[in-house]
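Summary of structural features
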Amino acid sequence: MSAMSEQWNVVVVVADTLRTAYMGAYGNDWIRTPNMDRLAREGTLFSRAHPESLPTIPTRRTLHTGRRAFPFRDYRPVPWDNVYLPGWQPMSPEEGTIAEALVQQGYHTGFFADVPHYFVPGMNFTRGFKQWQFVRGQAEDRLNAAVKADPALLSRYLGNAERIRAHLVNVRPELPEENWHAPRVFRGAIEFVEENAGNQPFYLYVDSFAPHETWEAPLHYFDLYGSREEREPMCITVPYGPLERNPEIEERLPSLRANYAGLVTMVDTWFGKLLDTIDRLGMGEKTLVVLSSDHGTNFAENPERVTGKPAEYMYPGTMDIPLIVRHPEGQGAGQVRDELVYSLDIPATVMAGTGVEPVGAIEGQSLLPLVEGGDGFEARDYVTCRYGNSVWYRDDRTWFFSRGDFSGARVFDLEADPDCQVDIAEGAEDRIGLARERILADAGGDIPIYVRQNATDALGRPVFAEE
């Protein structure tokens, strides 16, 4: 930590479902992500970054507290949620948050997001933020009346009619780009930076739901990657699982990819405006910037031709996440680090960069020693993750995922098959045994499996029983 780091501002940007395979900085030669690529040139890119737990809310618990959500040992659903999965619950009221620790040491804090799961009843992720703004209306957000969707537009889409109607009345894709959700989130963040330029140090956390489903990009972004003749009917979501179960999606993949890529470029555009604001106001040399995601998604590039991000198929499309850190003093500019790192390391990096002691334990490691080329980061032999009732593991040689009871294992040799195309589970007992041993060690001895029952409690929550 440098002598000036106690005065650094910190900006953390999370783009939900942002795939490394759709970023120029990670080797894509046709996607347009000039601002993320610029951040990589000016910062340090981590080539082997992975989520600590999945999906959306478990990852956010990690990012807001700095503590592992894995292995979801105490799953307690909240009433009136719209997702029920192990680990999907608010932060514990007994845990301190990153923002709370920073506020106690004089930091001004801001939080801007359009992730709809943040603001279902019972969630508590605004803790510690002096300013916060939720941009309503993404995906299945309970905002506008789906019955008001124009029935004449439904034929432009293919898939779940309820989701399509919600998309039409909430996202309102006919609006100008400035009125889409990601631009509104970044505009709020930009205003925060401008208004607090003299109110430093500050911590700004920005969470864009795009490029998560629903996948319809403004036309001028779609046109960068797709043909209008092939655009419709649009699949704004995909069924989660092997393509053979939903063969009608096959011919829609070019349109799906083009809309997804268009949303990536839209996020990049507005992320660039935030970066430009920081630099225009002369704050670049005292602001630590971190860009990451929670997970990616799949467009049938894996051996089982899986689309979406089902928990049972934890392929690189889901599990590889971007992580780029720009140091205020320019250290580490342009370097690529291949250490195994976690989303869990982002809060640890924030605390190290500010010099503030956390409220409670921080379980990740600061990435600043790797950025600055010094000592202090302990290289990991492996990383682990849980998603639903599935588990995942990787080390330098092996990529592994299975059900939480270790049935249905898939194993890939990363030395011979870095893209995980050939399953070698048969005959890989030694690798499976090592993965199991290390997953259970990280989990404290066992992986609780939660089975949804055909019942609800008095508050209407689904009842889960441990298997």
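Computed from a prediction, not measured in an experiment: that's the story for all the values here. (Residues numbered from 1 in each chain as written. Predicted model: local features only at pLDDT ≥ 70, side-chain atom pairs only at ≥ 80, totals over all residues. Heavy atoms only, no water.)

**Quick look at the confidence of the model for the protein**
- Here the protein averages 95 in pLDDT, while 99% of its residues score no lower than 70.
- The low-confidence segment residues 1-5, where pLDDT is below 50, has eleven contacts with residues more than four positions distant or belonging to other chains. (pLDDT = per-residue confidence, 0-100. Contact = heavy atoms within 4.5 Å.)

**Things to note about the pattern of salt bridges**
- Tallying each qualifying case throughout the model produces 34 salt bridges.
- Note that glutamate 42 and arginine 38 form a salt bridge whose closest N and O atoms lie 3.3 Å from each other. A residue pair is termed a helical-turn pair when its members lie 3 or 4 positions apart in one helix, as glutamate 42 and arginine 38 do in helix 1 (residues 34-42) at four residues.
- Judged by its relative accessible area of 14%, arginine 38 is buried.
- One salt bridge connects arginine 156 with glutamate 216, and the closest N-O pair in it is separated by 3.7 Å. One end of the pair, arginine 156, is in the loop between strand 5 (131-134) and helix 4 (161-170); the other, glutamate 216, is in the loop between strand 6 (202-208) and helix 6 (219-222), with 60 residues separating them in the sequence.
- Assessed through its relative accessible area of 22%, arginine 156 is described here as partly exposed.
- You can call glutamate 216 buried: its relative accessible area is 4%.
- Beyond isolated ion pairs, a larger network of salt bridges with shared partners links Arg38, Glu42, Asp276, Asp279 and Arg326. (Salt bridge = Lys/Arg side-chain N within 4 Å of Asp/Glu carboxyl O. Helix = DSSP H or I, 4+ residues; strand = E, 2+ residues; numbered from the N terminus. Buried < 20%, exposed > 50% of the residue type's maximum accessible area, 1.4 Å probe, protein only.)

**Points about the nonpolar core**
- Ranked by size, the top nonpolar core spans 55 residues in total, and within it Leu204 and Leu274 carry the most contacts.
- Those elements giving two or more residues to this core turn out to be strand 1 (9-15), helix 1, helix 5 (181-195), strand 6, helix 6, helix 7 (253-280) and strand 8 (287-292).
- It is helix 7 that contributes the most residues to this core, 14 residues altogether.
- Counting residues in each nonpolar core, the second largest holds 46 residues, with Phe111, Phe119, Phe129 and Val350 among its members. (Core = buried A, V, L, I, M, F, W, Y, C linked by side-chain atoms within 4.5 Å.)

**Some details on the packing of aromatic side chains**
- A full pass over the atoms with the stated rule returns 25 aromatic pairs.
- Their ring planes at 40° and their centres at 5.0 Å tell us that phenylalanine 119 and phenylalanine 134 sit as a pair that is tilted. Placement of phenylalanine 119 in the loop between strand 4 (108-113) and strand 5 and of phenylalanine 134 in strand 5 is noted, with a sequence separation of 15 residues between them. Both residues of the pair, phenylalanine 119 and phenylalanine 134, belong to the buried class.
- A connected cluster of aromatic rings, assembled from ring pairs, spans Phe111, Tyr118, Phe119, Phe125, Phe129, Trp132, Phe134, Tyr203 and Tyr205.
- The ring of phenylalanine 222 has arginine 231 sitting right over it, with the charged end atom 4.8 Å from the ring centre. (Phe/Tyr/Trp six-rings, centres within 6.5 Å; stacked < 30°, edge-to-face > 60°. Lys NZ or Arg CZ within 6 Å of the ring centre and 35° of its normal.)

**Some points on the sheet that holds strand 9 (residues 298-299)**
- Pairing is antiparallel across the open sheet formed by three strands, whose spatial order is 7-10-9. What marks the edges here is a single partner per strand, and that holds for strand 7 (241-242) and strand 9.
- Here two bridges tie strand 7 to strand 10 (residues 306-308), and the two strands are oriented antiparallel to one another. Looking at strand 10, one finds that glycine 241 is bridged to threonine 307. (Pairing = 2+ DSSP bridges.)

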